[in-house]
Amino acid sequence: MRMVDLIIKKKRGEELSCEELNYIIAGYCAGDVEEYQMSAFMMAVCFRGMTRAETAHLTEAMLHSGAKADLSSIAGVKVDKHSTGGVGDTTTLVVAPLVAACGGVVAKMSGRGLGHTGGTLDKLESIPGVRVERSVAELREIVERIGVCVIGQSADLVPADRRMYALRDVTGTVDSVPLIASSIMSKKLAAGTDAILLDVKVGSGAFSKTMDSALELARTMVGIGKRLNRRTVAVITDMSQPLGMAVGNGLEVLDAVKVLRGEIGRGDLLYEICMLLARHMLLLGGVAETEAEAARKLERALESGEGLRRLKLMVEALGGDAAYIDHPERLVRTRRRLEVTARRSGYVETLDALKIGAASSMLGAGRARKGDAIDHSVGIELHKRVGDPVASGEPLMTLLINDEARLDEALALADAAYSVGAEPVAAPAMVRAVIDDDETEAAI
Ligand code: URA
């Protein structure tokens, strides 16, 4: 077999066999396939796509490129949850402890924010003392003790993805369903849980800009999970506007605590999505038989404060100062707060998630490149959502600022995220579909 022939085969749109895909990934990891050949191959995949079978074989080849976490010693069905990335999406910090409080077992490896999207690890690290770079043995020990743990992706899992993702970033080959699906699922499968809940985002702030591509991504990933004997469900949720009303690391911890304390509740989008995800995790974990039973358990865990207690235990287990969970407002003290008000009365027509995420990142909450330092306390508080009435002069958002170097740029971007029109606007549906096998979907 020669790599050049396989690149040409994909360029012609032909289907590659399992052996051929194994050859590509093994060769790449061994240094026999050059970076420029891998780039050409991935560009061919971007243009020609892959069949579901090819994507599954590619995922398996990537999965076997490194170590796999063994969580089998932990009792119970271990459930993971993954979001394809969004803005103001702090659901993990609510859902993981809440599911544990209901008797579920949550073992999760999360990522960092990049570009306009946030990452759970950065949010956790806004709490002084938290250290997320942990071994699988530490993950096992913490999950056995308190039922929940979120750590960073272990470096020895899926080395093929680490290199391929870095290459995709600089060769314009990120936005391909087979490449995204295999990248996400190889890591989820290597992380060793029994069941996986996928939150596939759709809209301006997401990888999938259209419902068609989100459905294709969700179905492909669910198909891969099933093929490899993991219970997998995907929900497709809106990311045309930010999910929560706070965007930034400490700000999103604050919002998560508010949900767990019952201060953000029924009717709020963040609350509703958290409960939807948590219900599915309880069903996947076998902790509840029906959605109604799952909902009852979650309500009890919220009312009793057990969800909040599990978050504090997890923060402590990761070395953090849990006093910040009692006083999360201490995480968001900045030198300056700048309110942006509406210039006209009417209804919020758009609140662009991509622009808000990028503006928050520019204030220092995110990074342009892997490894950049971030400021955990800055970000943007939103006061209005799509569909909300607004009066001229009323606050639309507040920027939390420390460094003013890129403030003008961030302000212009955040300002452009909002548009206010004269006519009432319907809020976008937050949940678009639930997919629990690769062909069917339950529309919401
Ligand atoms: N997240 C990943 O892990 N991989 C992708 O390709 C896209 C999002």
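Below: a short report on this structure.

Calculation criteria
All residue numbers refer to position in the chain's written sequence, counted from 1. This being a predicted model, a pLDDT of at least 70 is required before a residue's local features are given, and a value of 80 or more before pairs of side-chain atoms are given or counted; all residues contribute to the totals for chains, interfaces and linings. With hydrogens and water set aside, each side-chain value is computed from the structure's full complement of heavy atoms. Helix and strand assignments come from DSSP, with helices taken as H or I runs of at least 4 residues and strands as E runs of at least 2, each series counted from the N terminus. Only protein chains enter the accessibility calculation, which uses a 1.4 Å probe; a residue is then buried when its area is under 20% of its type maximum, exposed when over 50%, and partly exposed in between. Should any heavy atoms of two residues lie within 4.5 Å, those residues are considered in contact. Exposure was quantified through the Shrake-Rupley algorithm and a 1.4 Å probe, taking into account, for residues, occlusion by the shown protein chains and nothing else. Counting rule applied: Lys, Arg positive; Asp, Glu negative; His and chain ends not counted. Where a charge lies is defined by one atom per residue type, namely NZ (Lys), CZ (Arg), CG (Asp) and CD (Glu). Put simply, a residue is near a molecule or strand once any heavy atom of it comes within 4 Å of that molecule or strand. Polar contact is the term for a pair of N or O atoms within 3.5 Å; when the atoms are in protein, one must be able to donate a hydrogen and the other to accept it, and sequence-neighboring residues count only if both atoms are side-chain atoms. Put simply, the grid is 1 Å and covers the protein atoms alone, a cavity is a trapped set of points that fit a 1.4 Å probe, a pocket is an open set with protein on both sides within 12 Å along at least five of seven lines, and lining residues have an atom within 4 Å of a point. Occupancy of a cavity or pocket is assigned to a molecule whenever over half of its atoms lie within 2 Å of that pocket's grid points. At least two bridges found by DSSP between two strands is the condition for calling them paired.

Here we take up the overall build of the protein. Secondary structure summary: the protein contains 17 helices and 14 strands in total. C-alpha atoms of the protein, sized along the principal axes, occupy 65 × 45 × 40 Å. Sorting the 444 residues of the protein into buried and exposed places 57% on the buried side. Contacts spanning at least 24 positions in sequence make up 78% of the contacts within the protein whose residues lie at least 6 apart. Surface accessibility of the protein: about 17300 Å² in total, with carbon and sulfur atoms responsible for 50%. Where the 54 positive side-chain charges of the protein centre and where its 62 negative ones centre are 1 Å apart.

So, on to the site of the ligand. In the vicinity of the ligand, the residues found are Y165, R168, I180, S183, I184, K187 and F207. Between the ligand and R168 there is a distance of 2.9 Å, counted from an oxygen atom to a side-chain nitrogen or oxygen. The fraction of the free accessible surface of the ligand (240 Å²) that becomes covered by protein chains is 89%. Its atoms largely coinciding with the cavity grid, the ligand occupies the largest pocket. Looking at the shell around the ligand, the elements with two or more residues in it are α8 (159–171) and α9 (177–190). Among the elements that line the shell around the ligand, the one with the most residues is α9, at four residues.

With that settled, the discussion passes to the sheet that holds strand β8 (residues 346–351). Reading across the sheet, the three strands line up as β10-β8-β12 and stay open at both edges, with antiparallel pairing between neighbours. Since the sheet does not close on itself, it has two edges, and those belong to β10 (389–390) and β12 (418–421), each with one partner. Sheet topology note: the β8/β10 ladder contains two bridges and is antiparallel. Paired with G346 across the strands is V390, a residue of β10.

Looking now at the environment of V95. If you trace the backbone, V95 turns up in helix α5 (residues 91–101). Linking V95 and Y271, residues 176 residues apart in sequence, is a C-alpha distance of 9.8 Å. Filtering out sequence-adjacent residues up to four positions away, V95 remains in contact with C274, L277, A278 and M281.

Summarising burial for strand β4 (residues 195–202): eight of the eight residues are buried, a large majority. Direction of pairing for strand β1 (residues 78–83) relative to β4: parallel, over a ladder of five bridges. Bridging from a neighbouring strand, S83 pairs with D199 of β4. Direction of pairing for β4 relative to strand β5 (residues 231–238): parallel, over a ladder of eight bridges. Its bridge partner being in β5, D199 is matched across the sheet by V235.

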